[in-house]
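Inside the fold
Spelled out from the first residue to the last, the chains are:
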Amino acid sequence: MAEDVGASASNDDGGLIKEQERLLPIANVGRIMKQILPPNAKISKEAKETMQECVSEFIGFVTSEGSEKCKKERRKTVNGDDICWALATLGFDDYAVPLRRYLQKYREVEGDKAANQDKVNNNRNNSTDQDKEEEQPSYVAPIPLKFGMSGSSNNSNLGPFN
């Protein structure tokens, strides 16, 4: 049975999902791992692959719990609140709390972006063709989500969670 781990997974349709579709891209996993390490540190391929399996399984585990909540509430869409709830329910309060704060800030930024887009759209409707050419669409970069690890010397940059 241990040989089957990670080979494939089944979806709700009874079909098989290829491993490359089930797992996060290893380059992304390696990049995230590298961010917490000293600049001269190296990460083995085995370590990246192990972490790739773990984080992919973790995401599926938490999402499944959030999905069950949605099914009970007869909803089809899993949202950020459901993920926060699932993290807390599964005992990951250390992650649920900062994720709730991140979600709140994300929604504030998204609300600002929507309000700015409405203003741009209203201005376009009320402006001349020359004014339309001069306008630039507004863009707000997403807030990075970073967790501080207790006991880590690299938790000075916690983004919006300071």
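Residues numbered from 1 in each chain as written. Predicted model: local features only at pLDDT ≥ 70, side-chain atom pairs only at ≥ 80, totals over all residues. Heavy atoms only, no water.

**Here's the deal with the packing of aromatic side chains**
For clarity, the cut-off: Geometry of aromatic contacts follows a simple scheme: Phe, Tyr and Trp rings, the Trp one being its six-membered ring, pair when their centres are within 6.5 Å, and the pair is stacked under 30 degrees between planes, edge-to-face over 60, tilted otherwise. Strands are runs of DSSP state E lasting at least two residues, helices are runs of H or I lasting at least four, and both sets are numbered from the N terminus onward. The buried label goes to any residue with under 20% of its type's maximum accessible area, the exposed label to any with over 50%, and the partly exposed label to all in between, with areas taken from a 1.4 Å probe on protein chains only. Charge-over-ring placement is defined geometrically: NZ (Lys) or CZ (Arg) within 6 Å of the ring centre, and within 35 degrees of the ring normal.
On inspection of all chains with the given rule, the structure shows two aromatic pairs. Between Phe 58 and Phe 92, the aromatic rings sit 5.0 Å apart at their centres with planes inclined by 90°, giving edge-to-face as the arrangement. Here Phe 58, found in helix α3 (residues 45-72), pairs with Phe 92, found in the loop between α4 (80-89) and α5 (93-126); they are 34 residues apart in sequence, far enough to count as distant. Overall, the relative accessible area of 33% leaves Phe 58 in the partly exposed class. Over the face of the ring belonging to Trp 85 we find Lys 69, whose NZ or CZ atom lies 5.5 Å from the ring centre.

**Points about unusual backbone geometry**
Unusually for a residue other than glycine, Arg 74 sits at a positive phi of about 55°. Mapped onto the elements, Arg 74 comes out in the loop between α3 and α4.

**Some remarks on the nonpolar core**
This is how it is decided: By nonpolar core is meant a set of buried Ala, Val, Leu, Ile, Met, Phe, Trp, Tyr and Cys residues that side-chain atoms within 4.5 Å join together.
In terms of nonpolar packing, the biggest core is built from eight residues, these being Val 62, Cys 84, Ala 86, Leu 87, Ala 96, Leu 99, Tyr 102 and Leu 103. Taken together, the elements giving at least two residues each to this core come down to α4 and α5. The greatest single-element share of this core, amounting to four residues, is contributed by α5.

**Some remarks on the packing of helix α2 (residues 26-36) against α3**
To be explicit about the condition: Throughout, an axis means a line fitted to C-alpha atoms (over the contacting stretch in the case of helices), and angles, computed between N-to-C directions, take values from 0 to 180 degrees. Convention used here: angles under 35 degrees read as roughly parallel, angles over 145 as roughly antiparallel, angles from 65 to 115 as roughly perpendicular, and any remaining angle as oblique. Residue contacts are defined here by distance: any two heavy atoms, one from each residue, within 4.5 Å place the two residues in contact. Each residue gets one of three labels, nonpolar for Ala, Val, Leu, Ile, Met, Phe, Trp, Tyr, Cys and Pro, charged for Asp, Glu, Lys and Arg, and polar for the others, Gly among them.
Two elements in contact, α2 and α3, have axes whose closest approach is 9 Å; the angle formed by their N-to-C orientations is 100°. When the axes of α2 and α3 are compared, the pair comes out roughly perpendicular. Of the residues in α3, those touching α2 at Ile 26, Val 29, Gly 30 and Met 33 are Ala 47, Lys 48, Glu 49, Met 51, Gln 52 and Val 55. Among the residues making up the contact of α2 with α3, the classes are represented as six nonpolar, two polar and two charged.

**Looking at the side chain of Lys 69**
Topologically, Lys 69 is positioned in helix α3. Exposure remark for Lys 69: the relative accessible area of 19% places this residue in the buried category. Not counting residues within four places of it along the chain, the set of residues in contact with Lys 69 comprises Arg 75, Asp 82 and Trp 85.

**Some points on the side chain of Gln 52**
Topologically, Gln 52 is positioned in helix α3. Other than its neighbours up to four places away in sequence, Gln 52 contacts Leu 23, Leu 24, Pro 25, Ile 26 and Val 29.

**Regarding α2**
An α-helical segment advances 3.6 residues per turn. Residues three or four places apart therefore align on the same side. Condition: Here, the arc refers to the directions that run from the helix axis to the C-beta atoms.
All of the buried residues in α2 are Val 29, Gly 30 and Met 33. Seen along its axis, α2 keeps its buried residues to an arc of 95°; they face one direction. Exposed residues pointing more than 90 degrees away from the buried face of α2 are listed as Arg 31, Ile 32 and Gln 35. Buried residues belonging to α2 abut α3.

**Re the pattern of salt bridges**
Side chains bearing opposite charge may pair, as long as their charged atoms lie close to each other. For the record, the criterion: Salt bridges, as used here, are contacts in which a Lys or Arg side-chain nitrogen is within 4 Å of a carboxyl oxygen on Asp or Glu.
In total, this model carries nine salt bridges according to the counting rule given. Lys 45 is the partner of Glu 49 in a salt bridge, and the nearest nitrogen-oxygen pair spans 3.9 Å. You can see Glu 49 and its partner Lys 45 sitting in helix α3, four residues apart, about one turn around the helix. Judged by relative accessible area, Glu 49 falls into the partly exposed class, the value being 34%. In this structure, Asp 82 and Arg 75 form a salt bridge, with 2.7 Å as the shortest nitrogen-oxygen distance. Assessed through its relative accessible area of 1%, Asp 82 is described here as buried.

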